[in-house]
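Chain and residue survey
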Amino acid sequence: MARKKRSSREKKASNLASLPPELLDAITSYLPPSALYNVSLASKALATYIRTYAWKALAQSRFPSTCPSTSTSWPGTARTLCTLSRAWDRRALVARVIEPKDGGILVWPAGKREEKWRKPRGQTIGFTPVIDVKQYDEGGGRRRETLAWSAGAQVVVRKRLWKEDEGKGRAEKVEWECYAPVGASEGRDDVTALHQLDGQGKQDPGVRLIVGTAAGKLEEVSLPGTAGDSVARRDFVTDRESVRSSSVLQSTTGDSLLAAQLGDTSISLYAFDDSQASITANSKIDINAGNAITSKQQPRAWSVKLLSDTQLAVGTGPSTHPISVYELLPTGLSTTHVRHFTVAEHVERLPSPHVTAKPLNSVYPIIPLPATTTSSHPSLFLSGAYDGWVRMHDLRSRQDVVRSCVDPTDDSGIYSLLARGQESVIVGANSQSRLKIFDLRMGMTGYHYLDGQVGEQSTEGSRDHALFLRTLDHRKDSAVYNLASASPICR
């Protein structure tokens, strides 16, 4: 009996590519990346659909807090996110020591090239290095990264431009720059605050920095990037009080905000735009104003952080309430805090009969939790304390601490925090060059590199772990003072 041939209409109706988009979305949402790639090889229509829609949906659904809001290539973004997730799950990380190479470094404000970088000779007591990094997607596979860090009284800048070409690998170009104010002296003018500001455009070769020093200088510096040009700068008025820490919230539509800790107890707030030649603080407060305690008992400020354009958090100590949140009003900072947080009476302690609750604690770093692709929680933030605990706080909750993390083998103080979206937090400890990684997802995950592989399955045990960084001098025990990342998908 001859088999009946199907009509062209029946063939078309049976094609996967002919399904309505909502059904294709539902089907592909269950597929792991390897299966998505295989489906894209079936036909041109499916390849177009997956390249245009499916990779974007996978990146946003599996990585809701690390996925960027826009991308020039969603297949590339999804591949990067999956690769990074696999690297973190397998602890496959590479650490490098970065230092300007001999052969040409552009020195500012002279605007001349020198063959060799002049390393710092001395440091202030209590000096802590600062670092900041930005990355720009220039399109066409080209990316530009600007890394800046403090080295005594200098700011060192590494500019890296690279392009990914399929079949040709990566072409990379690296340039080095260095800035130190005229007459700056190490041990007196060491850089204690550093921020990069967004430039005028993707193709802008210059670097805009906000630099604060232990001697009380706070300025915005624009390095032109071309030898022979002049450096543009403007001052923030500090009355020569030492700059201890700072936080920046840059705006493209209105005034940008800069909060600076001056001295031990003063906090100044600056609102600035590109038209001002010199910027004066629109408000200044003392964190101990109105406290009925002696000067010896008064806490000092350790850090400031702009949680949003309406709230500022200050880490203090030693204190029974080492976190204070102030409101940003049209007239400036509120003179008194709107919320006080205690961390000393938190019930989760190391299981030891000899450990007793201490009434005083100090909080060093504070960082807000990044938003996800579907929601934003400006009220959530993390803090690191002297007792070695990392705590999560929520301004909407009556509880002072909503979650906490600790390394049971190490209770050294926390000096730096870096959030990878809302997936994990990287913690810099004050001893043994130790990095701690705590999982914030409470057992939930949107992607694991073993998903979809035959004979393999992911196991959701504890992903908390520690890494030890090798220093140049292995005999010295160093703290991890600062952490920075241009974005959660940077490599």
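Rules and cut-offs
Residues numbered from 1 in each chain as written. Predicted model: local features only at pLDDT ≥ 70, side-chain atom pairs only at ≥ 80, totals over all residues. Heavy atoms only, no water. Axes fitted to C-alpha atoms, helices over the stretch in contact; angles between N-to-C directions. Helix = DSSP H or I, 4+ residues; strand = E, 2+ residues; numbered from the N terminus. Parallel < 35°, antiparallel > 145°, perpendicular 65-115°, else oblique. Left-handed = near helix turned anticlockwise from the far one by under 90°. Contact = heavy atoms within 4.5 Å. Nonpolar A, V, L, I, M, F, W, Y, C, P; charged D, E, K, R; others polar. Pairing = 2+ DSSP bridges. Buried < 20%, exposed > 50% of the residue type's maximum accessible area, 1.4 Å probe, protein only. Salt bridge = Lys/Arg side-chain N within 4 Å of Asp/Glu carboxyl O.

Some points on the packing of helix α4 (residues 44-62) against helix α5 (residues 74-89)
Angle between the axes and distance between the axes: these two values describe a pair of packed helices. At a minimum axis separation of 8 Å, α4 and α5 run at an interaxial angle of 30°. Classified by the angle between their axes, α4 and α5 sit roughly parallel to one another. For α4 against α5, the interelement crossing comes out left-handed. Contacts from Arg51, Trp55, Lys56, Leu58, Ala59 and Gln60 in α4 reach Trp74, Pro75, Ala78, Leu81 and Cys82 in α5. Within the contact of α4 with α5, the residues separate by chemical class into 8 nonpolar, 1 polar and 2 charged.

Observations regarding the environment of Gly254
Along the polypeptide, Gly254 turns up in the loop between β11 (243-249) and β12 (256-262). Sequence separation of Gly254 and Asp273 is 19 residues, and the distance between their C-alpha atoms is 7.5 Å.

As for the sheet that holds strand β21 (residues 363-368)
Read from one edge of the open sheet, 4 strands run β21-β22-β23-β24, paired in antiparallel fashion. With partners counted over all chains shown, the strands left at the sheet margins are β21 and β24 (403-405), one partner each. Strand-to-strand twist across the sheet, computed as the mean angle between neighbouring axes with direction ignored, equals 20°. Bridging between β21 and strand β22 (residues 380-385) involves 4 bridges; their strand directions are antiparallel.

A few points about the environment of Gln196
The topology assignment puts Gln196 in strand β7 (residues 191-197). The exposure class assigned to Gln196 is buried, which follows from its relative accessible area of 6%. The spacing of Gln196 and Val211 is 15 residues in sequence and 9.0 Å in space, taken between C-alpha atoms. Excluding residues that lie within four positions of it along the chain, Gln196 makes contacts with Asp132, Val133, Lys134, Thr146, Leu147, Ala148, Val207, Arg208 and Leu209.

Some points on the pattern of salt bridges
Pairing between side chains of opposite charge can happen when the charged atoms of each approach one another. By the definition in use, this model includes 24 salt bridges. Note that Arg118 and Glu114 form a salt bridge whose closest N and O atoms lie 3.6 Å from each other. Its relative accessible area of 62% is what places Arg118 among the exposed residues. Asp235 is the salt-bridge partner of Arg233, the closest N and O atoms lying 2.4 Å from each other. Since its relative accessible area comes to 43%, Arg233 is described here as partly exposed.

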